[in-house]
Amino acid sequence: MKTIITFGTFDVFHIGHLRILQRAGQLGGRLIVGISSDALNMQKKGRMPVYSQSDRMGIVAGLKCVDSVFLEESLEKKADYIRQFNADTLVMGDDWAGRFDSLSYLCEVVYFPRTPSISTTSIIEVVKGYK
């Protein structure tokens, strides 16, 4: 059985998140999702997520296309996570295109196009405007 792995913050879950996870799940038999820790999100984006890491893990774990979730604590550990879960394919959004090509010695690396006109950051900005 083929194992697919992907990573993300998955904060303020939206249709773009769902679509990339569904597409990733269609590539193989088992989908494993690394959810960025609160600390990693702070490091990457300079802000805490709206939802806690445990809430985000619960939301993603509840999707029928997802078989398992784990907490991603470092971008530099992607190779370790790929080995740990014996992943055959790494899926990332194309906003990361080329960034993980160096991992192609471990598994196939695939970048999916993002859903146009939607992002967590833009949703948060719209919500902030409704104070």
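Refer to the preceding data block for the structure.
In short, a report on the structure. From a predicted model like this one, the values you see are computed outputs, not experimental measurements.

## With respect to the sheet that holds strand S4 (residues 89-93)
- Strand order in the open sheet formed by five strands is S3-S2-S1-S4-S5, with parallel pairing between adjacent strands. Both edges of this open sheet fall to strand S3 (68-72) and strand S5 (108-112), since each of them pairs with a single strand only. For this sheet, the mean angle separating the axes of adjacent strands, direction not counted, is 25 degrees.
- Of the pairings in the sheet, the one linking strand S1 (residues 3-8) to S4 comprises three bridges and is parallel in character. The residue bridging Thr6 from the neighbouring strand is Val91, located in S4.

## Section: the pairing of S4
- Most of S4 is tucked away, with five of its five residues classed as buried.
- Neither face of S4 is exposed, since Thr89, Val91 and Gly93 on one face and Leu90 and Met92 on the opposite face are all buried.
- Relative to S5, S4 is paired through five bridges, and the arrangement is parallel. Along S5, the bridge assignment pairs Met92 with Tyr111.

## A word on unusual backbone geometry
- Positive phi values are uncommon outside glycine, yet Val12 reaches one of about 45 degrees.
- Considering the arrangement of structural elements, one finds Val12 in the loop between S1 and helix H1 (15-25).
- Of note in the backbone geometry, Asn86 takes a positive phi value of approximately 50 degrees without being a glycine.
- With respect to the helices and strands, Asn86 occurs in the loop between helix H4 (78-84) and S4.
- Classification of Asn86 as exposed rests on a relative accessible area of 60%.

## Overview of a nonpolar patch on the surface
- Where nonpolar side chains cluster on the molecular surface, the patch consists of Val50, Tyr51 and Ile59 and spans about 250 Å² of accessible area.
- Along the polypeptide, Tyr51 turns up in the loop between helix H2 (38-45) and helix H3 (53-61).
- On the accessibility criterion, Tyr51 (37% relative accessible area) is partly exposed.

## Let's talk about the pairing of S1
- The buried count for S1 comes to six of six residues, which makes it a mostly enclosed element.
- Across the two faces of S1 the burial is the same, with Thr3, Ile5 and Phe7 and Ile4, Thr6 and Gly8 all buried.
- Here six bridges tie S1 to strand S2 (residues 30-36), and the two strands are oriented parallel to one another. Counterpart to Ile5 in the pairing with S2 is Ile32.
- On the question of chirality, the crossover connecting S1 to the parallel S2 by way of H1 is right-handed.

## A short note on the packing of aromatic side chains
- A complete count under the given rule lists five aromatic pairs for this structure.
- Their ring planes at 50 degrees and their centres at 4.9 Å tell us that Phe70 and Tyr81 sit as a pair that is tilted. Note that Phe70 is positioned in strand S3 and Tyr81 in helix H4, a separation of 11 residues in sequence.
- The class for Tyr81 is buried, based on a relative accessible area of 8%.
- Aromatic pair Trp96 and Phe100: ring centres 5.6 Å apart, planes at 35 degrees, arrangement tilted.
- Put simply, the rings of Phe7, Phe70, Tyr81 and Phe85 pair up and form one aromatic cluster.

About the cut-offs
Within each chain, residues carry numbers counting from 1 in the order of the written sequence. Whole-chain, interface and lining totals are the exception, using all residues; otherwise, since this is a predicted model, local features are given only for residues with pLDDT of at least 70 and side-chain atom pairs are given and counted only at 80 or more. Excluding hydrogens and water, the side-chain figures rest on all heavy atoms present in the structure. If DSSP finds at least two bridges between two strands, the strands pair. For helices the rule is a DSSP run of H or I covering at least 4 residues; for strands it is a run of E covering at least 2, with both sets numbered from the N terminus onward. Angles run from 0 to 180 degrees between N-to-C directions of axes, and those axes are lines fitted to C-alpha atoms, restricted for helices to the stretch in contact. Burial classification: accessible surface area is computed with a 1.4 Å probe over protein chains only, and a residue below 20% of its type maximum counts as buried, one above 50% as exposed, and the rest as partly exposed. Without a salt bridge and with relative accessible area above 30%, a residue can belong to a patch; like charges are then joined within 9 Å and nonpolar side chains (Val, Leu, Ile, Met, Phe, Trp, Tyr) within 5 Å. Per-residue and other accessible areas follow the Shrake-Rupley method at a 1.4 Å probe size, with only the shown protein chains counted as cover for residues. Salt bridge, as applied in this entry: a Lys or Arg side-chain nitrogen positioned within 4 Å of an Asp or Glu carboxyl oxygen. Clockwise travel from the first strand over the helix to the second, with the strands pointing away from the viewer, marks a crossover as right-handed. Any pair of Phe, Tyr and Trp rings, taking the six-membered ring for Trp, is counted once the centres come within 6.5 Å. Such a pair is stacked with planes under 30 degrees apart, edge-to-face with planes over 60 apart, and tilted for the rest.

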